Amino acid sequence: MLIECGVSNFKSIRDEARLSMVAGTGKEHRDSHLVDTRANGRIPSNPLVRTAVVYGANAAGKTNLLAALGTMKRIVTVPSQPGDPLPIEPFKFDPEKAQGNTTFEVLCVVGGVRYQYGFTANSERVCQEWLFAWPRGRVQRWVERDDQDWKLSDRLGSDKRVWQRATRPNALFLSTAASLNSQQLKPLFDWFRHKLHVGGSGPTQIPMGALNRHKDEVIGFLQAADMAISDFRIVEHEINPKSLPSDMPAALKGIFENDGNVQEVSIFMSHNTGLGTTEIEIFDESAGTQKIFDLSVPLLQSLRKGFVVVIDELNNSLHSALVRFILDRFHNPRFNTGGAQLVFSTHDTSILSQEIFRRDQIWFCERDEQLATHLYPLSDFRPRKGVENLERSYLAGRYGAVPFIRSIPFEPEP
């Protein structure tokens, strides 16, 4: 589970931005919106919130904040080759920062153990890397790396120096050691690889095997979301290279011609109107139907397996009621059996309500005059519990993070 994440000098984020999932002292929605995360050794800690939402004007940095987690995951889990540049994009509107390093950090609980892991890097190399763990209630310093100065705990085993020598300048020690079968570091690496899921506002790759295995659940999910879909059918067939368009780029056509097992997948949705059943191909469905179908398997797996799901602009193509439907699944322990968490951005203010969120679940992104992103929580404003209308106050500008609309000089043509 995610406790906290931080990033600095990344895209529009100049100074450090930190988003915390640690619950405050408020007692609202405690039985539904919070999850206990007692780690090994009985570490005193507050429970965590199951969801967090980020609001802000366009171009305020919401997407960049969530993309930072995706970039961190990519650097941890995707093996780098010698000389490969790291996907680092520093803040470009400050010459000093543009030449500086980017920092990523997460605090999480994996298998009952709390971890604090982060690194500082630029496009050429990893400059710093650190990992602290609390396996028995007291902090243990497992990794501290600063250029050529390495401090590795004896708890990592006798192979730690082998892993150190195998770590290239543009690679992380965590990734290298995990690939070389470090039993101590593998759980954290697997959390990045399997538990942290970061997506954008567009469609994701639908896992066909999972769709078939969980077909009844997916149909139930779609029907609960009022999609009026009674069934769906997946058709797979090989692509005939001779049927490819003549104007297709030669390099792309060559991929299909050289691989005779390339499959094309079509999905047909069944609608029962009472006058019969009609099939419609998925691409002819509404954008909202396509998105909720695209999200169905990832969300169902997340709720069961306890994934951390990060989605930019969750409201895109979805009615407010469907957004609330998804939130209800995460907030309801009967559905959210694995302790899953959802972090998302949105412009949908209709869900900005104390009936839906605790006050410690709401965050804002605002852009300053230097075009730098600032992240801050609603709790900074201490809205009155159960009384203040959050949507009205936000739209009125009380919390900031709204666009400042200027009048456009206009002179009518003569």
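Thresholds, definitions, all that
- Residues numbered from 1 in each chain as written.
- Predicted model: local features only at pLDDT ≥ 70, side-chain atom pairs only at ≥ 80, totals over all residues.
- Heavy atoms only, no water.
- Helix = DSSP H or I, 4+ residues; strand = E, 2+ residues; numbered from the N terminus.
- Expected span 1.5 Å × (residues − 1).
- Buried < 20%, exposed > 50% of the residue type's maximum accessible area, 1.4 Å probe, protein only.
- Contact = heavy atoms within 4.5 Å.
- Core = buried A, V, L, I, M, F, W, Y, C linked by side-chain atoms within 4.5 Å.
- Axes fitted to C-alpha atoms, helices over the stretch in contact; angles between N-to-C directions.
- Parallel < 35°, antiparallel > 145°, perpendicular 65-115°, else oblique.
- Left-handed = near helix turned anticlockwise from the far one by under 90°.
- Nonpolar A, V, L, I, M, F, W, Y, C, P; charged D, E, K, R; others polar.
- Phe/Tyr/Trp six-rings, centres within 6.5 Å; stacked < 30°, edge-to-face > 60°.
- Lys NZ or Arg CZ within 6 Å of the ring centre and 35° of its normal.
- Pairing = 2+ DSSP bridges.

A. Broad picture of helix α11 (residues 320-331). An ideal rise of 1.5 Å per residue puts 16 Å on twelve residues; α11 measures up with 16 Å between its terminal C-alpha atoms. Taken as a whole, α11 has its buried residues at Leu322, Val323, Phe325, Ile326, Leu327, Arg329, Phe330 and His331. Tucked into the core, α11 has its buried residues touching α1 (30-33), β5 (51-56), α8 (215-224), α10 (287-305), β15 (308-311) and β16 (341-345).

B. Region of interest: the nonpolar core. One finds Leu19, Tyr117, Phe119 and Phe192 to be the most contacted residues of the largest nonpolar core, which totals 58 residues. In terms of residue count, the dominant contributor to this core is helix α2 (residues 62-77) (seven residues). Residues contacting Tyr117, with those up to four places away along its chain left out, are Met72, Val76, Phe104, Glu105, Val106, Glu129, Trp130, Leu131, Leu172, Leu174, Leu188 and Phe192. Ile282, Ile311, Ile326 and Leu327 belong to the second largest nonpolar core, which has 49 residues in total.

C. Structural detail: the environment of Pro47. Assignment of secondary structure puts Pro47 in the loop between β3 (34-35) and β4 (48-49). For Pro47, a relative accessible area of 17% translates into the label buried. Sequence-wise, Pro47 and Ala23 are 24 residues apart; in three dimensions their C-alpha atoms are separated by 5.7 Å. Ignoring sequence-local partners within four residues, the contact set of Pro47 consists of Met21, Val22, Ala23, Arg30, Leu34, Val35 and Asp36.

D. Structural view of the packing of α2 against helix α6 (residues 186-195). Close contact between α2 and α6 brings their axes to 10 Å; oriented N to C, the two are set at 125 degrees. Comparing their axes, α6 and α2 come out oblique. Note that α2 runs across α6; the crossing there is left-handed. Counted together, Met72, Lys73, Val76 and Thr77 of α2 and Phe189, Phe192 and Arg193 of α6 form the full contact between these two elements. Taken together, the residues that form the contact of α2 with α6 break down as four nonpolar, one polar and two charged.

E. Representation of the packing of aromatic side chains within the structure. With the rule as written, the count across this model stands at 19 aromatic pairs. Look at Tyr55 and Phe364: their rings are 6.5 Å apart centre to centre, the planes differ by 40 degrees, and that puts the pair in the tilted class. Residue Tyr55 is found in strand β5, and its partner Phe364 is found in strand β17 (residues 362-367); the two are separated by 309 residues along the sequence. Accessibility assignment for this pair places Tyr55 and Phe364 in one class, buried. The ring of Trp134 has Arg114 sitting right over it, with the charged end atom 4.6 Å from the ring centre.

F. The sheet that holds β17, seen in detail. Strand order in this open sheet of six strands is β11-β15-β16-β5-β17-β18, and the pairing throughout is mixed. Of all the strands in the sheet, just β11 (196-199) and β18 (373-377) have a single pairing partner and so form its edges. If you compare each strand with its neighbour and ignore which way they point, the axes differ by 15 degrees on average. Pairing of β5 with β17 involves four bridges; the strand directions are parallel. Across the sheet, residue Gly56 finds its bridge partner in β17, namely Cys365. α2 contacts β5, β11, β15, β16, β17 and β18 of the sheet and is inclined by roughly 135 degrees relative to β11. On the sheet, α11 packs against β5, β15 and β16 and is oriented at approximately 150 degrees with respect to β16.

G. Here's a closer look at the packing of α10 against α11. Running from N to C, α10 and α11 cross one another at 10 degrees; their axes reach a closest spacing of 11 Å. For the element pair α10 / α11, the angle class is roughly parallel. The segment α10 lies against α11, with Ile292, Leu295, Leu299 and Leu303 engaging Ile326, Arg329 and Phe330.

By themselves, these observations are geometric and do not establish any function.
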